[in-house]
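Below are the chains, spelled out letter by letter.
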Amino acid sequence: SDVCSSDLEFLHINPSSSFWSAIVKSNSKLVLEIPDTCYISITNVCIPNLPDDLQSPVRLFAHVKTISEDSLKSANETFKTTHSEALIASLVPEKSEHQHLNILFSPLNTVELEVRGGADVHISGLLMPINAMAEEEEEEEECNEEEEYK
């Protein structure tokens, strides 16, 4: 079975490529539950089906709660969190209906996506095992060290 599998109904995962997708309905919110063993990235957002009368932008926001790494190290069972809100994309009918992104969330994040506007937003991205990300960073560090010695 896939390391980054999920039972969430909205989260459609292709196990061979770790691709996922979701639809956030217009003027609604969706919790993006991140598997404990993976990072999740948002790489594309779009409004594929435009209502005829839609002229105003459709905006996708992320409401993010992040657990402090310091609170994970303490024996205390209550975790210190920070809260933030960010505009991820502003999609404009007939001008900018699709955007490429590179936004990464970890299992330390609780993410609620919110669409403000008159159309559904389709979202897609990748799930990346935490171990694979750590190995990639180590390889980059080794390459940088080798270049420094030259």
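Residues numbered from 1 in each chain as written. Predicted model: local features only at pLDDT ≥ 70, side-chain atom pairs only at ≥ 80, totals over all residues. Heavy atoms only, no water.

Caption draft 1: Highlighting the overall build of the chain. For the chain, the helix and strand inventory stands at two helices and nine strands. When the helices and strands of the chain are read in sequence order from the N terminus, they spell out β-β-β-β-β-α-β-β-β-β-α. Among the 150 residues that make up the chain, the fraction classed as buried is 30%. Here the analysis covers contacts within the chain between residues at least 6 apart in sequence; of these, 78% occur between residues at least 24 apart. Looking at the chain as shown, the accessible area adds up to about 9,700 Å², and 46% of this sits on carbon and sulfur atoms. (Helix = DSSP H or I, 4+ residues; strand = E, 2+ residues; numbered from the N terminus. Buried < 20%, exposed > 50% of the residue type's maximum accessible area, 1.4 Å probe, protein only. Contact = heavy atoms within 4.5 Å. Areas by Shrake-Rupley, 256 points an atom, 1.4 Å probe, with all protein chains shown as cover.)

Caption draft 2: Representation of unusual backbone geometry in the model. At Asn27, a residue that is not glycine, the phi angle is positive and equals roughly 50°. Topologically, Asn27 is positioned in the loop between strand 2 (19–24) and strand 3 (29–32). You can call Asn27 exposed: its relative accessible area is 57%. Even without being glycine, Glu94 reaches a positive phi, approximately 65°. Locating Glu94 in the fold gives a position in the loop between strand 6 (81–91) and strand 7 (98–105). Owing to a relative accessible area of 74%, Glu94 belongs among the exposed residues under this scheme.

Caption draft 3: Seen up close, the sheet that holds strand 5 (residues 58–67). Spatially, 3-8-5-6 is the arrangement adopted by the four strands of the open sheet, whose pairing is antiparallel. At either margin of the open sheet sits one strand with a lone partner, and together these are strand 3 and strand 6. Strand after strand, the sheet turns through a mean of 20° between neighbouring axes, direction not considered. Pairing geometry for strand 5 and strand 6, over ten bridges, is antiparallel. What sits directly across from Val58, in strand 6, is Leu91. (Pairing = 2+ DSSP bridges. Axes fitted to C-alpha atoms, helices over the stretch in contact; angles between N-to-C directions.)

Caption draft 4: Molecular detail of the pattern of salt bridges. Under the definition given, this model contains four salt bridges. Lys29 is the partner of Glu112 in a salt bridge, and the nearest nitrogen-oxygen pair spans 3.9 Å. Remark: Lys29 occurs in strand 3 and Glu112 occurs in strand 8 (residues 109–116); sequence separation between them is 83 residues. Ionic pairing is found between Glu114 and Arg116, a salt bridge with its closest N-O pair at 3.2 Å. According to the relative accessible area criterion, Glu114 is buried, its value standing at 12%. Where salt bridges share partners, they join Glu85, Glu114 and Arg116 into one cluster. (Salt bridge = Lys/Arg side-chain N within 4 Å of Asp/Glu carboxyl O.)

Caption draft 5: A look at the nonpolar core. Judged by nonpolar contacts, the single largest core of 28 residues is most densely connected at Ile42, Val45, Phe105, Leu113, Val121 and Ile123. Listing elements by their share of this core, those giving two or more residues are strand 2, strand 3, strand 4 (38–46), strand 5, strand 6, strand 7, strand 8 and strand 9 (121–129). Excluding anything up to four places from it in sequence, Val121 contacts Ala22, Ile23, Val24, Val45, Cys46, Ile47, Val58, Leu60, Leu91 and Val115. (Core = buried A, V, L, I, M, F, W, Y, C linked by side-chain atoms within 4.5 Å.)

Caption draft 6: How the structure looks around the environment of Trp20. The topology assignment puts Trp20 in strand 2. From its side chain, Trp20 meets the backbone oxygen of Ser41 in a polar contact 3.0 Å long. (Polar contact = N/O pair within 3.5 Å; in protein donor to acceptor, adjacent residues only side chain to side chain.)

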